[in-house]
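Here are the chains, one letter per residue:
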Amino acid sequence: MSEPFTLFDSTLRYTKRTDQWHEITVGGGSTNYLVDESSIELKTTTASGDTALRRSKRNMPYQPGKSLQIMQSFCGASPAAGLVQEVGYFDDDNGVILRASGTTIQFAIRNKASGGVAEEVINQSAWNIDTFSTLSFNKTNIFVTDLEWLGVGRVRCGFVLDGEIKWCHEFNHANDKTAVYMTTATLPLSYRIKNEAVLASGATLKQICCTAISEGGYEPSGPVYVGGRGVDSVASITSETMVAAIRMASGRT
């Protein structure tokens, strides 16, 4: 059992939510809002290099000792040679990714721990819990990952199916690596489609809904600020003294 605390959620019921999402397109890449589906299409034409990326403006705050759970719903294009589709918790340097690379479905952990970007990629046929042979990437799905960072923790990846989480693969790092498995767990949510070759037809990846949850609660943290009045300590005050006050603006009655 865990105590979930929502860090971020995004539904697209009325707009593209430009207050929550960055959007980048390259070449003939484009996006299209579907008001009746509460979704956004990320689209490419047939041209090589076409790209459409949507990434949350906010990076999710990770706290040591608490599982960070990400859920993202989507509907992919039919996997095709030369087409890359990605859904996950990632930026250009680090993250956890569900990917359709051509016709191969993968989970990947991207990291910049060595100073250059590298990936640990596991193809569907090698998933170590359930290879989910009936997965249809071009149907509506909910990708889920939960990660324990602490630099060397476990990462699980799977899907929500019929109201239950179906774990498919876990990456275990403790007592195994010589460095952290990724530089940071404070990352954005992302959806991306890209043509890496000329395609026979255009492709569309739909972004639907997502959330980031801190399991085990969340304790806001940050610097503590103290205002003083020139005395060395409270103990040296011998009579009542004002520490802070709020007054009405001048000119008001």
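Further up the page is the structure itself.
Here is what the cut-offs are and how they apply
Residues numbered from 1 in each chain as written. Predicted model: local features only at pLDDT ≥ 70, side-chain atom pairs only at ≥ 80, totals over all residues. Heavy atoms only, no water. Helix = DSSP H or I, 4+ residues; strand = E, 2+ residues; numbered from the N terminus. Buried < 20%, exposed > 50% of the residue type's maximum accessible area, 1.4 Å probe, protein only. Contact = heavy atoms within 4.5 Å. Salt bridge = Lys/Arg side-chain N within 4 Å of Asp/Glu carboxyl O. Core = buried A, V, L, I, M, F, W, Y, C linked by side-chain atoms within 4.5 Å. Pairing = 2+ DSSP bridges. Axes fitted to C-alpha atoms, helices over the stretch in contact; angles between N-to-C directions. Polar contact = N/O pair within 3.5 Å; in protein donor to acceptor, adjacent residues only side chain to side chain. Lys, Arg positive; Asp, Glu negative; His and termini not counted. Phe/Tyr/Trp six-rings, centres within 6.5 Å; stacked < 30°, edge-to-face > 60°.

Now for the overall build of the protein chain. Assigned secondary structure in the protein chain consists of zero helices and 15 strands. Taking all 253 residues of the protein chain together, the buried fraction comes to 42%. The long-range share in the protein chain, meaning contacts at least 24 apart out of those at least 6 apart in sequence, stands at 64%.

Let us now look at the pattern of salt bridges. For the structure on display, the rule yields 16 salt bridges. Of the charged contacts in the structure, one is a salt bridge between glutamate 23 and arginine 54, with a shortest N-O distance of 2.8 Å. Taken together, the positions of glutamate 23 in strand E2 (residues 21-26) and arginine 54 in strand E5 (residues 51-56) put the pair 31 residues apart, joining distant regions of the chain. Overall, glutamate 23 belongs to the partly exposed group, its relative accessible area being 35%. Sharing partners across several salt bridges, the network here consists of Glu86, Arg99, Arg110, Glu119 and Arg192.

Moving on, we get to the nonpolar core. Ranked by size, the top nonpolar core spans 47 residues in total, and within it Phe107, Trp127, Leu147 and Met182 carry the most contacts. Take this core: its biggest share by element is four residues, from strand E15 (residues 203-215).

With that settled, the discussion passes to the sheet that holds strand E9 (residues 104-111). Spatially, E2-E5-E14-E7-E8-E9-E10 is the arrangement adopted by the seven strands of the open sheet, whose pairing is antiparallel. A single partner strand is all that each edge strand has here, and the edge strands are E2 and strand E10 (118-123). Strand-to-strand twist of the sheet, defined as the mean angle between neighbouring strand axes without regard to direction, takes the value 15 degrees. Strand direction decides the pairing type here: strand E7 (residues 83-90) and strand E8 (residues 95-101), joined by seven bridges, are antiparallel. Residue pairing for E8: tyrosine 89 is matched across the bridge by valine 96.

The phi angle of most residues is negative, glycine excepted, and most peptide bonds adopt the trans form. Of note in the backbone geometry, leucine 150 takes a positive phi value of approximately 50 degrees without being a glycine. With respect to the secondary-structure elements, leucine 150 resides in the loop between strand E11 (140-147) and strand E12 (155-161). Looking at leucine 150, the relative accessible area reads 49%, which means it is partly exposed. Positive phi, close to 60 degrees, is recorded for asparagine 175, a residue that is not glycine. Mapped onto the elements, asparagine 175 comes out in the loop between strand E13 (164-171) and strand E14 (189-195).

Inspection of the secondary structure puts asparagine 94 in the loop between E7 and E8. On the accessibility criterion, asparagine 94 (4% relative accessible area) is buried. Of the polar contacts made by the side chain of asparagine 94, one reaches the backbone nitrogen of lysine 112; its length is 3.1 Å. Dropping the residues within four chain positions of it, asparagine 94 is found in contact with Tyr89, Arg110, Asn111, Lys112, Met182, Thr183, Thr184 and Leu187.

What follows concerns the pairing of E13. The sheet contact formed by E12 and E13 spans seven bridges and is antiparallel. By the bridge assignment, leucine 161 is partnered in E13 with glutamate 164. The turn linking E12 back onto E13 is made up of two residues, and aspartate 162 within it adopts a positive phi angle of 55 degrees.

Right, let's talk about the side chain of glutamate 215 for a bit. Within the secondary structure, glutamate 215 sits in strand E15. In this structure glutamate 215 is buried but unpaired, with arginine 156 as the nearest side chain of opposite charge at 5.8 Å. For glutamate 215, the side chain forms a polar contact with the side chain of serine 67, separated by 2.7 Å.

Counting across every chain of the model gives ten aromatic pairs. Where phenylalanine 107 meets phenylalanine 159, the ring centres are 6.1 Å apart and the plane angle is 35 degrees; that geometry is what we call tilted. Taken together, the positions of phenylalanine 107 in strand E9 and phenylalanine 159 in strand E12 put the pair 52 residues apart, joining distant regions of the chain. Looking at phenylalanine 159, the relative accessible area reads 1%, which means it is buried. Each residue in the set Phe107, Trp127, Phe132, Phe143 and Phe159 is aromatic and connected to the rest through ring pairs, giving one cluster.

Taken by themselves, the reported measurements are silent on function.
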